[in-house]
Each structure stands twice: as C-alpha cells, then as structure tokens.
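The chain contents come next:
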Amino acid sequence: MTIIETIMRIIRELLYWLTIFFATIGFLSFLKRYLGVRMSIFHGLQKRFDSLFEKYTKLQESEKMTKEELLAVYSVLNVGLSSLDINEILQQLIQKMVEVTNSNAGLILLRHDDTDEFILKASYRTIDVGQIKKIIKPSDGFLGRVIKEGKTIVSYKELKDDFLVSLYKKGNTIMPMLGVPLKLDNKLIGVVQLIGREEYAFKSGEIKLIEILASKASISIGRAKTYHEKEEIINDISMVAYVGSSIMSTLNVEEVLHLITKIATQVMHCRTCTLRLLEEKNKELVLKALYGVSSDYVKKGNIKIGKSIAGRVVTTKNPIAVSDLNLEQRFEYMDIIVKEGLKSLLCVPLIVRGKAIGTLTVYSSERIQFADRDIKLLSTFASMAAAAIENANLFQELQSMYFNTVKSIVSALDARDSYTKSHSEKASKYAIAIAEDMHLSDREREIVQYGAVLHDIGKIGIEDKILRKVEKLTEEEYKIIKEHPLIAAKILEPLVWFKDLIIIITHHHEHYDGSGYPSGLAKEKIPLLSRVLLVVDAFEAMTSDRPYRKAMKQEYAVKELEKNKGTQFDPKVVDSLVRVLSKTGDNGK
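This structure is a prediction, so every number in the text was calculated from the model and none was measured.

### Regarding the overall build of the protein
Counting secondary structure elements, the protein contains 20 helices and 12 strands. Every one of the 589 residues in the protein was classed for burial, and the buried ones make up 43%. Taking the contacts inside the protein whose residues are at least 6 apart along the sequence as the reference set, 61% of them involve residues at least 24 apart. Per element, the accessible surface of the protein, about 31,700 Å² overall, is 54% carbon and sulfur.

What follows is the structure, given as structure tokens:
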C-alpha cells in the first residue's frame, strides 16, 4: 500500500467517524442553528471523497493488471527467444495463460503437418501429455468449433463430451471455457483451451491478453519448428549419406539386401522391413530379404504385378502409405499381418534408370500417419538401395564371368596332362563332403568348393617340364613349385567378392606342424578351409595315377593320412574324410 493510499484511507475514516460523532451529541443541530452549517456538507464531502478513493483504487488495480500482462507477455517472448524447444515454449505458454486468468486448467494442441488432426502437446494442472494421446478433429466438440471457425470462442454451455471438462465438472455446475487459435501467417497451427472456475466469466481483458500471448507464442513456435525441420533435414541427409556409403561399399548381393532391410528399420524407426525384387519372366515380386519379422511371413509367397500394395507400387512407381492395415482392402494375407501385430506400412518402389526393379516396405506395430517427410526419406534411401543392388548384381555378373574364365583355364590345364585330368573336380567332391560332415556354413561350403576347383591355377605359371618330371625335383625346381599358391593368389586377385577364397588357396600347402609353405603357419593359424584343401588334394593325388607312380588303393592312402595326422594334416579333417569314405564306400578312383 502506497503513502497516498494510506493518507486517503485515514481521511476517509476520519470523515466517517466525525459524521457519527456529531450526529450522536446533537452538535449538528447546534451548528445548523448558530453557524449555518448543514448536515449535507459532511455527507457530500464523504461521498466525494469515496468516489475519489474508488477511482484511485481502480487505477491501482489497472496498473497492477497492466504490469502482470506485461510480465506475462515478456516471459512468453523471453522463452521464445531463448529456446528452440517447442515443448518448453508450449509448456511455458499454457502455464502462464492458466495463471493470469486464474483458470482451473489448460492445454495446447498443435496441427499435424500432413493431416487435419490436432495433437495434444502441452497441459497444465490437468492430465500429463505422456499419459494420453489425444487427437482432435475439426468436427470434434468445442475445440472442433475453434479449429473450424479459426477464432476465439468463449462458452458457458454445458459440454458433456469435452474430456477436459469431465475432469473438473461437479454435478450440474457449468464450467466456462475459452478456446483461442494459434496462427502463423494467417495459417492455423494450433489451438489453446482454458477451463475456468465455477460460475466465473472470463473478463474481456483476460481474453485479450490470452490472444496477445497466443499471437506472440505462435511466432516462437514457428521459429522453433523451422529450426527443427532444418535440423531434421540435415540429420536425414547425413543419415542417408552414411547408410548409403555402407550399402554401396558391400558388393555381395545377399549382404546388400539384408543390410538394406536392417538399416531401413533404423532410419524409419519401424519394427519390420521387407524387400521384394521383380522377376520379369513371371511378372512377380519375389521376397528377397526381410528383417524384424518371423519366418511365417515368407509364406506370403510371390506377389503378382498390380496386385496387393507392393504390386501396385511397382506398377505405378509411386509410394503407398497405410495408417491402418485393418481397414485396407488392397492388402492380401491379412492373417499373417494380424499374427505379426503389424498396424501401418509405407511401401516405396526401387527404381534404377527409370525402371522399377522391386519394392521396399517398412511396417510399424503402431498405427501411425506417415508424413511427407517420411515418404521422401524412405524414397531417397530406396533410390540408393536400388543403385547398390544394381551395382552388386553387375559386380557379381562380372565376378561370375571372370570365375568361369579362370575355371576354363583350369580345365584346359588339367586336360593338357592326362595324369591330372579331372583332379580338380574330384578334389571338389571330397571337399564338399567334408564341409557337410563338419557342419560348415553355406558360405564356407561355397568357398571350399571353389577352392578345390581353383587351388592349382597357379601351376599355369610353372613350366611343363617341371610339372611332368618323373625324376626327383631339384632344390631349385622344388622352390619354383612352391611358388604356385602365390601365383594363384595373383591370378585370383580381381575376385574381390572371394577374398576368403584367395586366402585359403594361398595357404593350402601349409602343414599342421608349421613345416609347409609359403608362410610356415601351424595348427589353428592355418585357415580351416586351407587344411581341408590340403587333405583332399593329397588324398586325390595319392589315389590317382602319376608319371612317377601308379595310384594307391584307398586303404593305403587313408593309412598315409592317418600316419601324418598332427604333423602334415589336421587330425579333425582326416577323421572327417574317413567318415565320409566309410559312408560312401568310395575307393577314390
């Protein structure tokens, strides 16, 4: 209370008590008779002073309100300037709006960029935003009116369907509500709802203040959204560039396909991804890779072009997004979708040089509305994925051509020597059998098969007179023979896809005790598949005719292998070959 206000209160009280005092002792009659002073003088003076005091009080209240309004506007502007966090801006805004209007509660909803829905983003003195996913449409109740009309609305009517009112409503009490739109550049970006106290009307000054706060906050919200949109674009570009380099650096088709489905789920924050490639001959999309889904999904089989969602996408070359698969009539195999718990999907085409070669589809276990940004992001990733698939296919074709060329050279090499004819094919047969017996992976079986076929390719660089020599090799000749694994590695170097193949061929003459060549490796340091090749190469050589001797019988060849277990040969590999021979009854001829 100010000094002026205190003095005015004292004078007012003094006039009041003087009037009562004079009336009590009859002194007023005396003044009226003898001094001509009337009673109305005191009453008039008192009323005039009361009016003055009332005006001063209103002025003080108005000044106080103006200060509160300015502080409220300042706090909203300050958080908008100091923060780019939309959630922080919204929370500060709704808290200030509730406090300055002395309301029961309030909340803010923001418009989804790609739909007409408004999603709950901030609340004060009411439900926690994290506890409820509230979505409002222009056709929904009180807030629907505010959204549809795009202007401030005050309602004192009973609104039973309003979920915020239901939290505070007591009996038949009418709860006043205030709805204010959030606009930026004349575009509706959100809406504010305040619920007042019982039987309390929002004052015009309060409504005006809320509109001012909403206007200022809209600018801050727009600024923060622009910042985050740019940040998301930069993050998307960085992510796509990173994952693009990852898949482009892999040249094995199967690895590329698996990597694409795995990375797509991470990029899109989805649970599942499938990749289908177009089979031109049958006009069908064949499932080539999947991630985050059970093997039951494979039962879906192939999809005809133009059928289901993927079939339409590859035909039109346009993405299709489905927010609720339960309502989607174009989707086949609904039973599998229900079993897997998948609710939404986004399917985009894989396009190379304007031609659709397949589809990439991500699935979510929640019902979500894929935004334009999501579609652009997955489409961009799909473009890079399609290029990676095309590169891998071309590279594999090139590798296959080179491999077949080398294989032809091996066949020619075997054919020029009647003693070594079909040596590689027989060695390959034993190598595959041992790989199966030792339960090696599919990839290892593939490599050891190729290794058995190509292991002697390096002998193409050795003179025939040395290779066909009947007499014992000289030290210098033996030194030349020992170079053939390294020559083979040089010949096979372009087979980048088969780096492991080059390694096992390089070391297929290493001995278990370290006495072999070219590196003198021992035991487990020798690649397992090299140890397999050494055994099958020796066994096939012993059981075949050579210029310097006749073929051994199988039982003697096996005894020779057994004799050299732990020195020249890996005991486990020798035991495996013995098991294979006992099953097949092969005599090695």
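### Some points on the pairing of strand E12 (residues 355-364)
The element E12 is extensively covered by neighbouring structure, given that 9 of its 10 residues are classed as buried. In this structure, strand E7 (residues 272-279) lies alongside E12, joined through 6 bridges in antiparallel fashion. Counted as the bridge partner of Leu277 is Gly358 from E12. Sheet topology places strand E11 (residues 344-352) next to E12; 9 bridges connect them, and they run antiparallel. Residue Leu345 lies in a different strand from E12, and its bridge partner there is Tyr363. What sits between E11 and E12 in their antiparallel hairpin is a turn of 2 residues, with Arg353 showing a positive phi close to 50°.

### Some thoughts on the nonpolar core
Ranked by internal contacts, the top residues of the largest apolar core, which has 38 residues, are Val536, Phe539, Leu561 and Leu577. Elements that contribute at least two residues to this core include exactly helix H12 (423-437), helix H13 (442-454), helix H16 (484-492), helix H17 (499-506), helix H18 (528-542), helix H19 (554-563) and helix H20 (571-584). Here this core gets 9 residues from one element, more than from any other, and that element is H18. Counting residues in hydrophobic clusters, the runner-up holds 30 residues, among them Val256, Ala264, Leu277 and Phe381.

### Section: the packing of aromatic side chains
This structure, assessed with the given rule, holds 2 aromatic pairs. Between Tyr430 and Phe539, the aromatic rings sit 5.2 Å apart at their centres with planes inclined by 85°, giving edge-to-face as the arrangement. Taken as a pair, Tyr430 in helix H12 and Phe539 in helix H18 lie far apart in primary sequence, 109 residues in all. Here Tyr430 matches Phe539 in class, with each residue buried. Between Tyr478 and Tyr517, the ring centres sit 6.3 Å apart and the planes meet at 85°, which makes this aromatic pair edge-to-face. In this pair, Tyr478 is assigned in helix H15 (residues 475-481) and Tyr517 in the loop between H17 and H18, connecting sequence segments 39 residues apart.

### A look at the environment of Leu345
Structurally, the position occupied by Leu345 is in strand E11. Between the C-alpha atoms of Leu345 and Ser323, which are 22 residues apart in sequence, the distance is 6.6 Å.

### So, the pattern of salt bridges
For the structure shown, the criterion picks out 20 salt bridges. Residue Asp374 pairs with Arg373 through a salt bridge whose shortest N-O separation is 3.9 Å. Given the relative accessible area of 35%, Arg373 is considered partly exposed. Where Lys565 meets Asp575, a salt bridge forms, and the shortest distance between an N and an O atom there is 2.9 Å. Taken together, the positions of Lys565 in the loop between H19 and H20 and Asp575 in helix H20 put the pair 10 residues apart, joining distant regions of the chain. Residue class for Asp575 comes out partly exposed when judged on its relative accessible area of 29%. Put simply, Glu524, Arg531, Asp570 and Lys572 are held in one network by salt bridges that share partners.

### Side note on the pairing of strand E6 (residues 187-195)
The buried fraction of E6 amounts to 8 of the 9 residues, a majority that puts the element mostly inside the structure. Here strand E1 (residues 105-111) pairs with E6 via 6 bridges, running antiparallel. Of the residues in E6, the one forming a bridge with Ala105 is Ile195. In this sheet, E6 lies alongside strand E5 (residues 177-184) in antiparallel orientation, the contact comprising 8 bridges. Looking across to E6, one finds that Leu184 is bridged to Lys187.

### Concerning helix H8 (residues 253-268)
Two residues of an α-helix separated by three or four positions point the same way, owing to the 3.6 residues in each turn. Along its 16 residues, H8 runs 23 Å from first to last C-alpha, staying within 8% of the 22 Å computed at 1.5 Å per residue. Three or more residues of H8 are buried, namely Val253, Val256, Leu257, Ile260, Thr261, Ile263, Ala264, Thr265, Val267 and Met268. His269, located one to two residues past H8, shows a positive phi value of around 55°.

### Points about the sheet that holds strand E10 (residues 320-322)
Spatially, E9-E8-E7-E12-E11-E10 is the arrangement adopted by the 6 strands of the open sheet, whose pairing is antiparallel. Looking at which strands have only one partner, the edges of the open sheet turn out to be strand E9 (303-304) and E10. Across 7 bridges, the pairing between E7 and strand E8 (residues 284-291) is antiparallel. Bridging across to E8, Thr274 finds its partner in Leu290. Across the sheet, helix H9 (residues 308-316) lies against E8, E9, E10, E11 and E12, angled at about 35° from E11, the strand it touches most.

### Looking at unusual backbone geometry
Cis peptide bonds are those with omega within 30 degrees of zero, and the linkage from Tyr517 to Pro518 qualifies with 10°. Along the chain, Pro518 turns up in the loop between H17 and H18. Not every positive phi belongs to a glycine, and Lys523 is a case in point at roughly 50°. Summarising the element assignment, Lys523 is placed in the loop between H17 and H18.

### Looking at the environment of Pro494
Its location among the elements puts Pro494 in the loop between H16 and H17. A residue is classified by how much of its surface remains accessible, and Pro494, at 40% relative accessible area, is partly exposed. A sequence separation of 96 residues divides Pro494 from Leu398, and the C-alpha atoms of the two residues are 9.9 Å apart.

### Quick word on H9
Buried within H9 we find Ser308, Ile309, Ala310, Gly311, Val313 and Val314. Against the buried residues of H9 lie E8, E9, E10, E11 and E12. The positive-phi residue at the C-terminal boundary of H9 is Lys317, with phi of around 65°.

### A closer look at the environment of Asp456
With respect to the helices and strands, the residue Asp456 is situated in the loop between H13 and helix H14 (464-467). Note on Asp456: relative accessible area 9%, which makes it buried. In the structure, Asp456 is positioned 33 residues away from His423 in sequence and 9.5 Å away in space, judged by C-alpha atoms.

### Description of the confidence of the model for the protein
The predicted coordinates ought not to be read in detail in places where the model reports low pLDDT. On average, residues of the protein carry a pLDDT of 76, and 68% of them reach 70 or more. The low-confidence segment residues 33-39 (pLDDT under 50) makes 9 contacts with residues lying over four places distant or belonging to another chain. In this model, residues 59-65 is a region of pLDDT below 50 whose contacts with residues beyond four sequence positions or in other chains number 2 contacts.

Scoring rules and cut-offs
- Residues numbered from 1 in each chain as written.
- Predicted model: local features only at pLDDT ≥ 70, side-chain atom pairs only at ≥ 80, totals over all residues.
- Heavy atoms only, no water.
- Helix = DSSP H or I, 4+ residues; strand = E, 2+ residues; numbered from the N terminus.
- Buried < 20%, exposed > 50% of the residue type's maximum accessible area, 1.4 Å probe, protein only.
- Contact = heavy atoms within 4.5 Å.
- Areas by Shrake-Rupley, 256 points an atom, 1.4 Å probe, with all protein chains shown as cover.
- Pairing = 2+ DSSP bridges.
- Core = buried A, V, L, I, M, F, W, Y, C linked by side-chain atoms within 4.5 Å.
- Phe/Tyr/Trp six-rings, centres within 6.5 Å; stacked < 30°, edge-to-face > 60°.
- Salt bridge = Lys/Arg side-chain N within 4 Å of Asp/Glu carboxyl O.
- Expected span 1.5 Å × (residues − 1).
- Axes fitted to C-alpha atoms, helices over the stretch in contact; angles between N-to-C directions.
- pLDDT = per-residue confidence, 0-100.

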